[in-house]
Amino acid sequence: MLFPHRIKKGGMEGGIFWFRNDLRLRDNPALAEAVEQCDLLLPVYVLDERLLERDRWGFRRMGSYRLQFLLESLEDLREQLRDKGSALLFRIGKPEETLTALAEAYDCSAVFATKAYAYEELQQEKALSTKIKTVFRHGLTLIHPDDTPFNPERLPDVFTAFRKKVERYSEVRRPLDSPEKIITPDLPDTPLPCPESLGYRLPPQDERAALNFQGGAKAAQERLDHYFWNTHSISTYKETRNGLIGAAYSTKFSPWLADGSLSPRMIYHQVEAYEEEIKKNKSTYWVKFELLWRDFFKYVAMRYGRRIFLRGGIQKREKEWQDNPKQFERWATGTTGDRFVDANMRELLRTGFMSNRGRQNVASYLVHQLQEDWRKGAAWFESLLIDYDPASNYGNWMYQAGVGNDPRDRVFNTKKQADRYDPDGQYRDLWLEQEPGDPVEFADTYFLGNSEEVK
Ligand code: FAD
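1. Here's the deal with the sheet that holds strand S3 (residues 89-93)
Read across the sheet, five strands follow the order S3-S2-S1-S4-S5 without closing on themselves; strand pairing throughout is parallel. Each edge of the open sheet is held by one strand with a lone partner, namely S3 and strand S5 (133-137). Strand-to-strand twist of the sheet, defined as the mean angle between neighbouring strand axes without regard to direction, takes the value 30°. Here six bridges tie strand S1 (residues 14-19) to strand S2 (residues 40-48), and the two strands are oriented parallel to one another. Opposite Ile16, over in S2, you have Leu42 as the bridge partner. Packing of helix H1 (residues 29-37) onto the sheet brings it into contact with S1, S2, strand S4 (110-114) and S5, and relative to S4 it is tilted by some 155°.

Here it is as structure tokens:
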């Protein structure tokens, strides 16, 4: 028999649950609805083959740091599904095609998924919806889109106006529990690939990394417990958040938020619990404040669609950009000669992470000092960042380039910033004086060069 695992039996309704950037069972509204509506559910993750390719600048869209983290998250998700009596089907391909084929093979009448907001993901939703019944539900934001006091088309262009409105008029919904049981037909266990089998070379672990990020909801919860309940770092977040070294200065939730192993509502309600049980201060509020920045860029993506990826940004503001590959390479490999920029770029190159302070400085430097096209910088970040998120990345880059929500040219003086945030030069020394090898060679081996076989 070609397809032994048909899931529509005896009039029962079979459906697919398509995991996207919502790799969790808890607080997953689309999954909760799928479990309720389907007698049998087929959980699927499709690694989009286009993300393994190179972009127009020659960078692999998903670099090895994020791929590794994603595979860990999927392994964790698979274990959680097993605990619920279910399994995870893994495929590599184009989601809109793979899902249609799976629906046919397994007799599923609908695909359920969390709604995405970035252009390419929306194109996938459209393409899929022409082939099969689809049910998309919101699940990525802190403030549910139905609870905002404005239509997405009338989103305030300035963050402060957005924040004040939602703080005044919107409530954060309570996170949903995991489904108790997920009934799935007997599925062949599809093993997850290793990065090497996809043509990737994994860079060695760097012991200077701010945190050894481990993918998955379990690790996310451990990080949350550590930051909130064990170390109480949350109660000094406002004072430390501009730090540069180590794990404690900021939450480091971003990689788990980006692939959805952690939901913003789960964090928010834990902050509230912390405020209730331990302490409420400016720092605890500031974590919620930052989560609203994340929401803001999601709403910007919803409102402006493809424009967040275009050169003129949401301002449609055309500027003259340089195209000097050598200059760009110096920036990307941390060899510009500006020690603050270089230290930050080396951290990104060696670990896939960079602080928010660092990101603002290096983006400003690329755009204003070197005058390189901001989209090329954003694409380098997209490839390298372990926490890449389309809306946050392109939203912040547009902002720095003066084509986004703040039309002013916000130029960071990297010398002054270094004096202020790295007064004794400890951060610069950490990344520049203790180099394990040539950064250009490193970038060439793991990210840029042809030595890396791209399938
Ligand atoms: P914390 O300081 O602990 O903040 C808590 C959470 O609030 C973060 O995890 C994040 O979800 C959210 N947050 C904080 N600041 C921002 C912000 N400026 N914009 C959006 N959300 C924010 N963040 C990403 O998650 N993915 C990206 O691809 C990304 N690209 C960026 C590119 C540039 C040029 C800049 C300036 C910022 C970018 N950021 C991005 C935002 C921010 O730098 C990171 O979210 C943050 O550094 C992650 O560390 P953390 O989790 O410890 O943050």
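Additional details are given in the paragraphs that follow.
2. Here we look at unusual backbone geometry
Positive phi, normally seen in glycine, also occurs at Asp27, with a value near 50°. Mapped onto the elements, Asp27 comes out in the loop between S1 and H1. Even without being a glycine, His232 presents a positive backbone phi close to 60°. Mapped onto the elements of the fold, His232 is located in the loop between helix H6 (217-230) and helix H7 (237-240). Accessibility expressed as a relative area gives 29% for His232, which makes it partly exposed.

3. Some remarks on the packing of aromatic side chains
For the coordinates displayed, the defined rule picks out 37 aromatic pairs. Judged by centre distance (6.3 Å) and plane angle (10°), the ring pair of Trp331 and Phe381 falls under stacked. Here Trp331, found in helix H11 (residues 325-332), pairs with Phe381, found in helix H14 (residues 374-384); they are 50 residues apart in sequence, far enough to count as distant. The exposure classification of Trp331 matches that of Phe381, with both residues buried. Counting every residue linked through ring pairs, the aromatic cluster contains Phe150, Phe159, Phe162, Tyr285, Trp286, Phe289, Trp293, Phe296, Phe297, Tyr299 and Tyr399. One residue, Arg20, lies across the ring of Trp18, its end atom 4.1 Å from the ring centre. Across from the ring centre of Tyr249, 3.5 Å away, lies the NZ or CZ of Lys252, which sits over that ring.

Calculation notes
The residue numbers shown here count from 1 along each chain, following its written sequence. The predicted origin of the model limits local features to residues at a pLDDT of at least 70 and limits the giving and counting of side-chain atom pairs to 80 or more, whereas totals for whole chains, interfaces and linings rest on all residues. Heavy atoms from the whole structure form the basis of all side-chain values; hydrogens and water molecules are not counted. At least two DSSP bridges between two strands are needed for those strands to be called paired. Each helix is a run of H or I in the DSSP string that is no shorter than four residues. Each strand is a run of E no shorter than two, and both are numbered from the N terminus. Structural elements are reduced to axes, namely lines fitted to C-alpha atoms, with helices fitted over the stretch in contact, and the angle between N-to-C directions of any two is expressed from 0 to 180 degrees. Residues are treated as being in contact if the distance between any of their heavy atoms lies within 4.5 Å. With a 1.4 Å probe rolled over the protein chains alone, any residue whose accessible area is under 20% of its type maximum counts as buried; one over 50% counts as exposed, and the rest are partly exposed. In this scheme Phe, Tyr and Trp rings, the latter by its six-membered ring, pair at centre separations within 6.5 Å, and the angle between planes marks the pair as stacked below 30 degrees, edge-to-face above 60, and tilted otherwise. Only when the NZ of Lys or the CZ of Arg is both within 6 Å of the ring centre and within 35 degrees of the ring normal is a charge said to sit over the ring.

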